[in-house]
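# Secondary and tertiary structure notes
One-letter residues, chain by chain:
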Amino acid sequence: GSLGRAVSGYVSTAAGGARQAARRMGASRGAGARLYAFLSDAQARGPVEALRALNLGALAGRPIDEVFVGLADYVCPEGGSVDDGIARDAFIDTIADLAGEGITDLSSLTADQMQTVFEIFATHAIEARIFNDIGKNGIKLPSDVAAVTRVQDQLHDFVQRAVSDALTSARAEAGPLTQDRALRYVESVYEAAFDVLQSLGEGVAHL
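Residues numbered from 1 in each chain as written. Predicted model: local features only at pLDDT ≥ 70, side-chain atom pairs only at ≥ 80, totals over all residues. Heavy atoms only, no water.

### As for helix 6 (residues 82–98)
Between the first and last C-alpha of helix 6 there are 25 Å, a value that for 17 residues agrees with the 24 Å anticipated at 1.5 Å per step. Every buried residue of helix 6 is accounted for by Ile86, Ala87, Arg88, Ala90, Phe91, Thr94, Ile95 and Leu98. Buried residues in helix 6 make contact with helix 3 (27–45), helix 5 (64–75) and helix 7 (111–133). (Helix = DSSP H or I, 4+ residues; strand = E, 2+ residues; numbered from the N terminus. Expected span 1.5 Å × (residues − 1). Buried < 20%, exposed > 50% of the residue type's maximum accessible area, 1.4 Å probe, protein only. Contact = heavy atoms within 4.5 Å.)

### Regarding the side chain of Arg88
By the element assignment, Arg88 lies in helix 6. For Arg88, the residues in contact, after removing those within four places along its chain, are Ala72, Asp73, Cys76, Pro77 and Glu78.

### Some thoughts on the nonpolar core
Phe68, Phe91, Ile126 and Leu197 are the most contacted members of the largest nonpolar core, which has 59 residues in total. The element that contributes the greatest number of residues to this core is helix 9 (residues 179–205), accounting for 9 residues. (Core = buried A, V, L, I, M, F, W, Y, C linked by side-chain atoms within 4.5 Å.)

### A look at the packing of aromatic side chains
Using the criterion set out here, one finds 3 aromatic pairs in the structure. Seen in terms of ring centroids, Tyr36 and Tyr185 are 4.8 Å apart; in terms of plane orientation they differ by 40°. Their pairing is tilted. Of this pair, Tyr36 sits in helix 3 while Tyr185 sits in helix 9, and the two are 149 residues apart along the sequence. Residue Tyr185 is classed as buried on the basis of its relative accessible area of 7%. Ring centres of Phe68 and Phe91 lie 5.7 Å apart, and the angle between their planes is 5°; this geometry places the pair in the stacked category. Highlighted residues: Phe68 in helix 5 and Phe91 in helix 6, separated in sequence by 23 residues. There is no split in this pair, since Phe68 and Phe91 are both buried. One aromatic cluster in this structure is built from Tyr36, Phe118 and Tyr185. (Phe/Tyr/Trp six-rings, centres within 6.5 Å; stacked < 30°, edge-to-face > 60°.)

### Side note on the packing of helix 6 against helix 7
Packing of helix 6 against helix 7 brings their axes to within 8 Å, and their N-to-C directions diverge by 140°. With respect to each other, helix 6 and helix 7 are oriented oblique. In this structure, the crossing between helix 6 and helix 7 has a hand that is right-handed. Where helix 6 approaches helix 7, its residues Val82, Asp83, Ile86, Ala87, Ala90, Phe91, Asp93, Thr94, Asp97 and Leu98 are matched on the opposing element by Val117, Ile120, Phe121, His124, Ala125, Ala128, Arg129 and Asn132. Taken together, the residues of the contact of helix 6 with helix 7 break down into 11 nonpolar, 3 polar and 4 charged. (Axes fitted to C-alpha atoms, helices over the stretch in contact; angles between N-to-C directions. Parallel < 35°, antiparallel > 145°, perpendicular 65-115°, else oblique. Left-handed = near helix turned anticlockwise from the far one by under 90°. Nonpolar A, V, L, I, M, F, W, Y, C, P; charged D, E, K, R; others polar.)

### So, the pattern of salt bridges
Overall, the coordinates contain 8 salt bridges when judged by the stated rule. The partner of Asp41 in a salt bridge is Arg45, with the nearest N and O atoms 2.8 Å apart. Remark: Arg45 and Asp41 occur in helix 3; sequence separation between them is 4 residues, near one turn of the helix. With a relative accessible area of 46%, Arg45 lands in the partly exposed category. Linking Arg62 and Glu66 is a salt bridge whose minimum nitrogen-to-oxygen distance equals 2.9 Å. (Salt bridge = Lys/Arg side-chain N within 4 Å of Asp/Glu carboxyl O.)

Interpretation note: all reported values are geometric properties and have no functional meaning in isolation.
Set out below in structure tokens:
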């Protein structure tokens, strides 16, 4: 209940609502769009052509985690801002999670797996944005380490469910993507996820 109230209050008050919260995702919006556009291209034309288009043809045929490491500078170029760091950390965490989701081969990537990859990235990015705001925007962590771990686990579940629900709603509208369309799609997913996150928080707070 406390976490629900904190998350709901974060979205509605500290972040200024779902739309403003999505805009505050900063570099993670562009990174998400580049990741989603690449995955869409790899599915449509095959990973060899998708990688060649980025001058990364040497990565073709490599394990997917190696491909993603090679994509890091394209998806989330290094920068000195907090937003840049959040996007890059979220992408690195995404790479670490691929094997656990059974996603090992880019050449056989299914539509469902493509959505899963983006869901993992968006979940990590939103989590990192919220935790970055802890302390200065009204979410206080307990002093007990075990309690902090529980909060992190619960927040992850909250965010993952919100992103999954947002993607389910948006998926029917997703077609072949240009970079601009990918960005609009990603922005709409982030906004919908924050909207769901606020609703989930309110629901849990009232249990």
